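# Breakdown of the fold
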Amino acid sequence: RIAIPGMMIVGLSVATAAGSSNKWPIRAPHADKVPASFDCEMRKAAYDYGRKLLPRLGSFESLYYALGLNGPGCTAPMRGADATSPFQPEPAPSGSIFVSPAGDDEGAGTEATPLRSIQLACDRAAASAARTVVLRGGTHFLSSTITLNASHSNLRVMAHPGEVPVVSGGVELKVAWRPHDVGRRNAANETTNVWVADVSGVDDIPGLQIDGVRATRARYPNLPGGIEVSPGYGGMVSEKDADWTPPDFNKFGPVQFYTDNASSHDRPNGGWFEHYMIGVGGLCSVYDPPVSYWCSRHPSGGGAFAFRTPSGVTPKPGALPHAPYKDPSGALFFVWRPARWANWMFEVGAYNASSGNFTFGKGGNQGARGENRGGDFFVENIYEELDAPGEFFFDTKAKRLYLFYNGTGPPPAAASVVAPSLRTLVNISASRWAPARGISHSGVTFRAARYTYMDPHGVPSAGDWALDRVGAVFLQGTEGVRFDACSFERVDGNAVMVSGYNRHAAITNSDFAFVGGNAVAAWGYTNETASDPGRPGERIENYPHAGVDGTDGNHPRYTTVSGCSAREVGLYEKQSSFFVQAKTAQSTVSGNVFFNGPRAGINANDGFGGGDEISHNLVFSTCRESGDHGPFNSWDRQPFLTTVRDGSASMTMAWREIHHNFFIDNYSPQEDVDNDDGSAYYKTHHNFLVYGGQGMKNDFGGHDNHHYSNVYAYVGRGLGVCSQRPGHEDRFYDNKLVLTGNDVGGFACDGAAKTVVHDNEYFTASGSIAECKMSLPDWQKRGEDKGSTVAKLPADKEIIGWARKLLGF
């Protein structure tokens, strides 16, 4: 098979630029205070828990290597039987329509004479009694998106028993490689091995998969492991090595502000996030629809100011050593927002080779938070940067594909060469008045959807996320749709987008790997603007006044993600998660194993409705390339009116529960559960929460946050929360805390809304602890923190024993 950087380890890739030389990757500031012996035993326990959650994955090889259990310094045997398919098909009913990559659409669609078109098969099956499509093994290359609607209700698409059908959005390229630059020693001291092929039938090659593995588009700096291996904080030009052109505040004209001041919509909270407010137009015109909380009159919260992005960049001499470039018209700049909260992508609008200045064109809409300047960055899709093994470049004018093959000699003639082409492979769309019901897919692999990071993005609510409303699988206007025992591999945008009205959508027993964006995203609608690209032809009424109103039900409810594995997500868009939701309610995320992502593992972008349950998950190695957050992150800066709490219209969300999870905050410097700006109504309990700066967090008006019956292992301090109003105090009790510091934390020690703290067990190196600027015994003499105790650090075995008992493994 063809060699691509990372190919030999790509299924097991865990290497990043971050971490400690003595311990498994831990980036927390207090990592030096974590005993290496505990770190090793904890990882062994995580391996056991992950295998318990997903026994179908057998020895769970990728988990084993992601936890670094092959040493040095921590070695454990890989255990378990061979992986088994979660897809246990029943015999296809009589009258099922069969599809084969070698089929013929003139056939009858029987097992003996299968069709070739999946769309044709679905249409025929929808008109039959069996309503079943059976996909034979092999790769089904799509020429267009499979589109299903209400007429396809109760359709079942299933793999043929014992076979693995792959639905691909790629175009298989016919190439005849010839030498282009072979055998020369280049400036990087690499022996060049660049081959070229003439390509016809495609206008662009936005990505390239060779024998099923991505090549890396020519870029600087290079990625030694290729695009599928995280560089951590590496692989970038430092933000200090560039001068940034300031934002053009007049580019789009003035912004129109709107604040909902209806008294019935007030959400009293001491001045924090009490009213729904947005801005339309202005610099938020980069979004579609052109609306955002971050263009409102007075956005607030952590690091808050109005949205903007730089207009261009001039790299300093030597920062781009191959510049000046002959033709950077197709180049893209990938730019971290300072502090690494998101990455922006920009096309090049103009280039001055003499000054080295690049003026940005389209882009900058991939995150909700702005800045005057950029952070660390890289440049891609420039011919002069084709200088490392595994890179490719497509000359769109000459229709020539160049590949720096990382083997010896030419790329094998028999290698599969595929260019991702379609953004969406399966689109199930109807309406909330006549939904598509009961459509299911089982045992199907989805692959090679093209990237969407330059497509329109919107700001779904007042969190930090911007999203593109697209996915390899797209759902809108559905009820009871299910994807079971499916695989989503090497799709370059979001894998699954649950958009607008959906009820009881379920993604179960499925696997996600090497995904360009989010694994699963759920995003509803409220009426903020006159039009919305996600609702073409739909009349949007009472905007922007109805932006606060979620009572019309045009949002996902009862979405389930369970029994899934997800790893290596956010390869392109770094503000990506394993599961993210916005304007969505009553989701269940349970029994999953998530690891290796660039940002928070699970994200709640707002408090819309609430009623969600996040339980029995193993999540670790999140925030590998970004700053703050951890396995879970939330915001609630923008109030919404919903009926979720008790059936009546209310500005108060239903309680969210986070319980029986094994979270490891090994990369982030903050928390396992990061309840950010305004987050409220959380019950976080019976979790094993490892590492992080503190156990519990609430800030900028957050309230009604209850942490109880958790085990915190080697966190810096117990809690850090803001003040609340009487009756809305945070609560922290019945927890076990193994601390690297000697202070319970920062919270309201007095006043009318004191933080409720009691019956905790604290463990420190000294066996003593401070609370509210005095020793625990002295604080308890005042009648505070009743029932709590402090002792010296327990043995590793005791801590792991608590975790096993708590989580039942």
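Just above sits the structure.
Okay, so let's go over this structure. Values in this document were obtained by computation on a predicted structure and should not be read as measured data.

Glancing now at the overall build of the chain. The secondary structure content of the chain amounts to five helices and 65 strands. In terms of overall size, the chain behaves like a compact globule, its C-alpha atoms giving a radius of gyration of 26 Å where 809 residues would be expected to give roughly 28 Å. Seen along its three principal axes, the alpha-carbon backbone of the chain occupies a region of about 80 × 65 × 60 Å. The buried share of the chain, taken over its 809 residues, is 62%. Within the chain, contacts between residues at least 6 apart in sequence are counted, and of these 74% link residues at least 24 apart.

This part covers the sheet that holds strand E22 (residues 377-380). With antiparallel pairing, seven strands are arranged side by side in an open sheet as E13-E22-E19-E20-E21-E18-E14. At either margin of the open sheet sits one strand with a lone partner, and together these are strand E13 (219-220) and strand E14 (242-245). Examined bridge by bridge, strand E20 (residues 343-352) and strand E21 (residues 357-363) share five bridges and lie antiparallel to one another. What sits directly across from Asn352, in E21, is Asn357.

For helix H1 (residues 36-53), with 18 residues, the first-to-last C-alpha span of 26 Å sits near the 26 Å given by 1.5 Å per residue. Counting buried positions along H1 gives 13 out of 18 residues, so the element sits mostly inside the fold.

Turning to the environment of Gly367, a few remarks are in order. Tracing the backbone shows Gly367 in the loop between E21 and E22. For Gly367, a relative accessible area of 0% translates into the label buried. Separated by 97 residues in the primary sequence, Gly367 and Asp464 place their C-alpha atoms 6.7 Å from one another. The residues touching Gly367, leaving out its near neighbours within four places in the chain, are Tyr287, Phe307, Ala342, Trp344, Asp464, Ala466 and Gln575.

Okay, the layout of surface pockets next. When its volume is computed, the largest pocket comes out at roughly 880 Å³. Contributing to the lining of the largest pocket are 45 residues, with Arg56, Leu57, Ser487, Glu489 and Asp511 lying nearest its centre. A class-by-class count of the residues in the lining of the largest pocket yields 22 nonpolar, 14 polar and nine charged. As a volume, the second largest pocket reaches approximately 600 Å³. For the second largest pocket, the lining is made up of 27 residues, of which Gly330, Asn381, Phe393, Phe394 and Thr396 are closest to its centre. Looking at the lining of the second largest pocket, the elements that each hand over two or more residues are E20 and strand E23 (391-395). Take the lining of the second largest pocket: its biggest share by element is four residues, from E23. In the lining of the second largest pocket, the residues fall into 11 nonpolar, four polar and 12 charged.

Next up on the list: the side chain of Asn675. For Asn675, the position within the fold is in strand E51 (residues 673-675). Since its relative accessible area comes to 0%, Asn675 is described here as buried. Polar contacts involving the side chain of Asn675 include one to the side chain of Ser634, which spans 3.0 Å. At a separation of 3.0 Å, a polar atom in the side chain of Asn675 contacts the side chain of Asn705. Beyond its immediate sequence surroundings of up to four residues, Asn675 is in contact with Phe632, Ser634, Tyr682, Lys697, Asn698, Asp699, Asn705 and His707.

To continue, consider unusual backbone geometry. Most peptide bonds take the trans form, and the phi angle of most residues other than glycine is negative. In this model, Gly71 is joined to Pro72 through a cis peptide bond whose omega is -5 degrees. Its location among the elements puts Pro72 in the loop between helix H2 (61-66) and strand E1 (97-99). Here the residue pair Tyr543 and Pro544 is connected by a cis peptide bond, since its omega of -10 degrees sits within 30 degrees of zero. Here Ala448, not a glycine, exhibits a phi torsion of approximately 65 degrees, which is positive. Structurally, Ala448 can be placed in the loop between strand E29 (445-447) and strand E30 (473-476).

Further remarks concern the state of the cysteines. Taken as a whole, this structure holds three disulfides when the rule is applied. Note on cysteine connectivity: Cys40 is disulfide-linked to Cys74, with sulfurs 2.1 Å apart. Since a negative S-S torsion denotes a left-handed disulfide, the Cys40-Cys74 link at about 85 degrees is right-handed. With Cys40 in helix H1 and Cys74 in the loop between H2 and E1, this pair connects stretches of sequence that are 34 residues apart. By the burial criterion, Cys40 is buried, and Cys74 matches it. Cys749 shares a disulfide with Cys772; S-S distance 1.9 Å. Judged by the sign of its S-S torsion, about -90 degrees, the bond between Cys749 and Cys772 is left-handed. Here Cys749 is found in the loop between strand E60 (745-746) and strand E61 (756-758), whereas its partner Cys772 is found in the loop between strand E63 (770-771) and strand E64 (774-775), with 23 residues between them in sequence. Here the bonded cysteines of the chain are numbered in sequence order, and their pairing is 1-2, 3-4, 5-6. Cys564 provides the cysteine sulfur closest to Cys486, a residue in no disulfide bond, and the two sulfurs are 9.5 Å apart. Judged by relative accessible area, Cys486 falls into the buried class, the value being 1%.

Basis of the calculations
- Each chain has its residues counted from 1, following the order in which its sequence is written.
- In view of the model being predicted, local features appear only for residues whose pLDDT reaches at least 70, and side-chain atom pairs are presented and counted only at 80 or more, with totals across whole chains, interfaces and linings using the full set of residues.
- With hydrogens and water excluded, all non-hydrogen atoms of the structure serve as input to the side-chain values.
- Each helix is a run of DSSP H or I of at least 4 residues and each strand a run of E of at least 2, with the numbering of both proceeding from the N terminus.
- For a compact globule the rule gives 2.2 Å times the number of residues to the power 0.38, and the radius of gyration it is set against comes from C-alpha atoms.
- Only protein chains enter the calculation, and the probe is 1.4 Å; a residue is then buried if its accessible area is under 20% of its type maximum, exposed if over 50%, and partly exposed in between.
- Between two residues, a contact is recorded if the distance between any of their heavy atoms is within 4.5 Å.
- Two strands are counted as paired when DSSP detects at least two bridges linking them.
- For a helix, the expected span equals 1.5 Å multiplied by the residue count minus one.
- Buried and open spaces are told apart on a 1 Å grid over the protein atoms alone, a cavity being a set of points where a 1.4 Å probe fits but cannot get out and a pocket being an open set with protein on both sides within 12 Å along at least five of seven lines. Residues with an atom within 4 Å of a point are the lining residues.
- Grid points are joined across faces, edges and corners, and a volume is the space filled by probe spheres set on the points.
- Ten residue types, Ala, Val, Leu, Ile, Met, Phe, Trp, Tyr, Cys and Pro, are classed as nonpolar, four, Asp, Glu, Lys and Arg, as charged, and the remainder, Gly among them, as polar.
- Distance and chemistry together define a polar contact, namely a pair of N or O atoms within 3.5 Å, with one atom able to donate a hydrogen and the other to accept it when in protein, and with adjacent residues in sequence counting only for side-chain atoms on both sides.
- Cysteine sulfur pairs qualify as disulfides if the two atoms are within 2.5 Å.

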